[in-house]
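# Survey of secondary and tertiary structure
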Amino acid sequence: MRTIRFLFAFIFVMSCFCELRAQDKNVKHVSINYLYRTPAARETLGNPPHYLTNQGVGITCGMELTKVWEMGIYCNFFQSEFESNIDPMIFDTRWVASPGIYSRIHLLDVANMNSSHFDLGLDSKIGGTFASGCHLEYAFGLTGQYYPLQHLGISLSAEFGNFTIARLGHTNTSHFQMQGGLTWRW
């Protein structure tokens, strides 16, 4: 229920900003995403590997610098489990931040196939995760966006790179991440 209220508040705030930014030439956008990092195997002595996944939420803010190039920032949040300070056999769940910057090339604009409803982008990201220390993350991927309304759309990304998964007091690396969500442009 809290997520639905947050989503409606987000749409309301973005619609207010839309009118304020209507005179700007550069397209700006904000996205709220659900993220899923694929399983990574954690080897344990004498036991079969345990497969770990991470799911989270993220927010992305970007601006087109030219007609074909966009840059922005993002911050993802994942729930991770760590050993308790009181008892090492008990695990606490904490939110872990993963901020960074991204760059996107709009492929349809490069190919002169302009569309007001579709967008296809080639992304690169660099950032970090603060789980049991700081871990470098980077990615290259493809993002598709569909805008059934003038300002509101949906986005889906598939990215390959280096992503951190933190579970049960250990960190591990995943090499694939998917994310999807709502995007707002003005």
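Before reading further, recall that the structure is shown in the block above.
Quick summary incoming for the structure in this document. Just so you know, these numbers come straight off a predicted model, no measurement behind them. (Residues numbered from 1 in each chain as written. Predicted model: local features only at pLDDT ≥ 70, side-chain atom pairs only at ≥ 80, totals over all residues. Heavy atoms only, no water.)

## So, empty space enclosed by the protein
Note the cut-off: Lining residues are those with an atom within 4 Å of a point, where the points come from a 1 Å grid over the protein atoms alone and group into cavities, where a 1.4 Å probe fits but cannot get out, or pockets, open sets with protein on both sides within 12 Å along at least five of seven lines. Grid points are joined across faces, edges and corners, and a volume is the space filled by probe spheres set on the points. Only runs of H or I of at least four residues qualify as helices and only runs of E of at least two qualify as strands under DSSP, and these elements are numbered from the N terminus. Each residue is assigned to one class: nonpolar for Ala, Val, Leu, Ile, Met, Phe, Trp, Tyr, Cys and Pro, charged for Asp, Glu, Lys and Arg, and polar for all the others, Gly among them.
Tallied over the full model, the rule gives two cavities of 30 Å³ or more. In this structure, the largest cavity encloses a volume near 80 Å³. Looking at the largest cavity, it is lined by 13 residues, and the ones nearest its centre are N33, T60, R104, S157 and Q179. Those elements giving two or more residues to the lining of the largest cavity turn out to be β1 (28-44), β4 (91-106), β5 (118-130), β6 (134-146) and β7 (152-167). In terms of residues, the lining of the largest cavity owes the most to one element, β1, which gives three residues. Considering only residue class, the lining of the largest cavity consists of one nonpolar, nine polar and three charged.

## Some thoughts on the environment of V27
This is how the line gets drawn: Burial classes follow relative accessibility: with a 1.4 Å probe on protein chains only, a residue under 20% of its type's maximum area counts as buried, one over 50% as exposed, and anything between as partly exposed.
Tracing the backbone shows V27 in the loop between α1 (2-20) and β1. Residue class for V27 comes out partly exposed when judged on its relative accessible area of 32%. For the pair formed by V27 and W186, sequence separation is 159 residues and the distance between their alpha carbons is 5.8 Å.

## Quick word on unusual backbone geometry
Positive phi is not limited to glycine here, since N112 has a value of about 60 degrees. Take N112: it is sitting in the loop between α2 (107-110) and β5. On the basis of relative accessible area, N112 is assigned to the exposed category, the value being 66%.

## So, the packing of aromatic side chains
Note the threshold: What counts as a ring pair is set by centres within 6.5 Å for rings of Phe, Tyr and Trp (its six-membered ring), and what kind of pair is set by the plane angle: stacked under 30 degrees, edge-to-face over 60, tilted for all other angles.
For the coordinates displayed, the defined rule picks out two aromatic pairs. Taking the centre distance of 5.0 Å and the plane angle of 50 degrees together, the rings of F160 and F176 count as tilted. In this pair, F160 sits in strand β7 while F176 sits in strand β8 (residues 170-185), placing the two residues 16 residues apart along the sequence. Overall, the relative accessible area of 54% leaves F160 in the exposed class.

## Some thoughts on the pattern of salt bridges
As a reminder, the rule being used: Within this document, salt bridges are pairs made up of a side-chain nitrogen of Lys or Arg and a carboxyl oxygen of Asp or Glu, the two lying within 4 Å of each other.
Using the criterion set out here, one finds four salt bridges in the structure. In this structure, E137 engages R37 in a salt bridge whose closest nitrogen and oxygen atoms are separated by 2.9 Å. With a gap of 100 residues between them, E137 in strand β6 and R37 in strand β1 connect regions that are remote in the sequence. The class for E137 is buried, based on a relative accessible area of 3%.

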